[in-house]
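Here is how the chains run, residue by residue.
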Amino acid sequence: MNIILIGFMGSGKSTLGIRLSYRMKQPYIDTDKYIEHKTGRTISEIFETDGEPAFRLMETEALQELLSDGIRDHIIATGGGMPMDPANHGLLKQLGVVVWLRIRPETVLERLGNDTKRPLLQREDRETVIRELMQERAPMYEKCSDMIVDVDDKKVERIMDEIFTKSRGVWKRKKRMRYE
Ligand code: S3P
């Protein structure tokens, strides 16, 4: 069973992904790193030279490749914008159990107030950008997730416990529904 982590920038997808990978003894893939490795460029460079739409196509391609490689029993962290393209919803859901790490804008600002790596946040009005993007994205995260975990004020261990205990049941239910 693959576990796919989705959610806003700063929600802890990579940190949790790596920790879960150790705990569940499942390999870890980060779609941002996958794209960086494949193109030999950083996400910031891709945004700068090719623009955001080109990056979004690369994200869809990455999902398609993971699916056609038939990867199993992996932990997959995605970029925060991955669920914004409805074309990715089916791909994400086919890949495994999709977990939305839900976070409040205030917590994102606390965590990423000084971030320099995320192209979308390199603006004076960072707080407004976070709030607006969050409002736009929340319905999409909800639509393509199989389970939701609130991450604000929780320790990594507690979040991992929640994912660990709930995901197996969610996966079983999902498989049953597919064959009914
Ligand atoms: C993005 C999130 C980033 C990265 C890119 C775009 C987004 O990943 O994919 O900068 O649109 O939210 P993280 O969510 O891991 O920061």
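Residues numbered from 1 in each chain as written. Predicted model: local features only at pLDDT ≥ 70, side-chain atom pairs only at ≥ 80, totals over all residues. Heavy atoms only, no water.

> Looking at this structure, I do not really get the site of the ligand. What am I missing?
As a matter of local geometry, the ligand sits amid 14 residues, with Lys13, Asp32, Arg56, Arg118 and Arg137 nearest to it. A distance of 2.8 Å is found between an oxygen atom of the ligand and a side-chain nitrogen or oxygen belonging to Asp32. Arg56 is positioned with one of its side-chain polar atoms (N or O) 2.6 Å from an oxygen atom of the ligand. Coverage of the ligand by the protein amounts to 95% of the 390 Å² it exposes when considered alone. Of the pockets mapped on this structure, the ligand occupies the largest pocket. (Near = heavy atom within 4 Å. Polar contact = N/O pair within 3.5 Å; in protein donor to acceptor, adjacent residues only side chain to side chain. Areas by Shrake-Rupley, 256 points an atom, 1.4 Å probe, with all protein chains shown as cover. 1 Å grid on protein atoms, 1.4 Å probe; cavity = no way out; pocket = protein on both sides within 12 Å on 5 of 7 lines; lining within 4 Å. Sits in = over half its atoms within 2 Å of the grid points.)

> Is there a simple way to explain the environment of Asp150 in this structure?
Note that Asp150 resides in strand S5 (residues 147-150). What makes Asp150 partly exposed here is its relative accessible area of 31%. A sequence separation of 139 residues divides Asp150 from Ser11, and the C-alpha atoms of the two residues are 9.3 Å apart. At 2.6 Å, the side chain of Asp150 and the side chain of Arg102 are in polar contact. (Helix = DSSP H or I, 4+ residues; strand = E, 2+ residues; numbered from the N terminus. Buried < 20%, exposed > 50% of the residue type's maximum accessible area, 1.4 Å probe, protein only.)

> What am I meant to see in the packing of helix H2 (residues 31-39) against helix H4 (residues 52-68) here?
Axes are the key here: two packed helices are described by the angle between their axes and the distance separating the axes. Look at H2 against H4: their axes get within 10 Å of each other, and the N-to-C directions meet at 100°. Between H2 and H4, the crossing angle belongs to the class labelled roughly perpendicular. Between H2 and H4, the contacting residues are Thr31, Asp32, Tyr34, Ile35, Lys38 and Thr39 on the first element and Phe55, Met58, Glu59, Glu61, Ala62, Glu65 and Leu66 on the second. In terms of residue class, the contact of H2 with H4 is built from six nonpolar, two polar and five charged. (Axes fitted to C-alpha atoms, helices over the stretch in contact; angles between N-to-C directions. Parallel < 35°, antiparallel > 145°, perpendicular 65-115°, else oblique. Contact = heavy atoms within 4.5 Å. Nonpolar A, V, L, I, M, F, W, Y, C, P; charged D, E, K, R; others polar.)

> Hey, could you run me through the pattern of salt bridges in this one?
Charged atoms that come close allow side chains of opposite charge to pair. Enumeration according to the criterion identifies 18 salt bridges in this entry. The residue Asp50 makes a salt bridge to Arg41 at a minimum N-O spacing of 3.0 Å. Residue Asp50 is classed as partly exposed on the basis of its relative accessible area, which comes to 36%. The exposure class of Arg41 is partly exposed, given its relative accessible area of 26%. Between Asp150 and Arg102 there is a salt bridge; the shortest N-O distance is 2.6 Å. In this pair, Asp150 sits in strand S5 while Arg102 sits in strand S4 (residues 97-102), placing the two residues 48 residues apart along the sequence. (Salt bridge = Lys/Arg side-chain N within 4 Å of Asp/Glu carboxyl O.)

> Quick question: what am I supposed to make of the layout of surface pockets here?
In this structure, the largest pocket spans a volume of roughly 620 Å³. If you trace the largest pocket, you find 30 residues lining it, with Met9, Asp32, Ile43, Gly79 and Arg118 closest to the centre. Of all the secondary structure elements, the ones that give two or more residues to the lining of the largest pocket are helix H1 (13-24), strand S2 (28-30), H2, helix H3 (43-50) and H4. Per-class residue counts for the lining of the largest pocket are eight nonpolar, eleven polar and eleven charged. Of the volumes computed, that of the second largest pocket is approximately 260 Å³. Around the second largest pocket sit 13 residues that line it, and Asn2, Ile71, Arg72, Leu95 and Trp171 are the ones nearest its centre. (Points joined across faces, edges and corners; volume = space filled by probe spheres on them.)

> Hey, could you run me through a positive patch on the surface in this one?
A cluster of basic residues, Arg72, Arg168, Lys172, Arg173, Lys175, Arg176 and Arg178, forms a positive patch at the surface. Locating Lys175 in the fold gives a position in helix H8 (residues 156-179). (Patch = residues over 30% accessible without salt bridge, like charges linked within 9 Å, V, L, I, M, F, W, Y side chains within 5 Å. Lys, Arg positive; Asp, Glu negative; His and termini not counted. Charge placed at Lys NZ, Arg CZ, Asp CG, Glu CD.)

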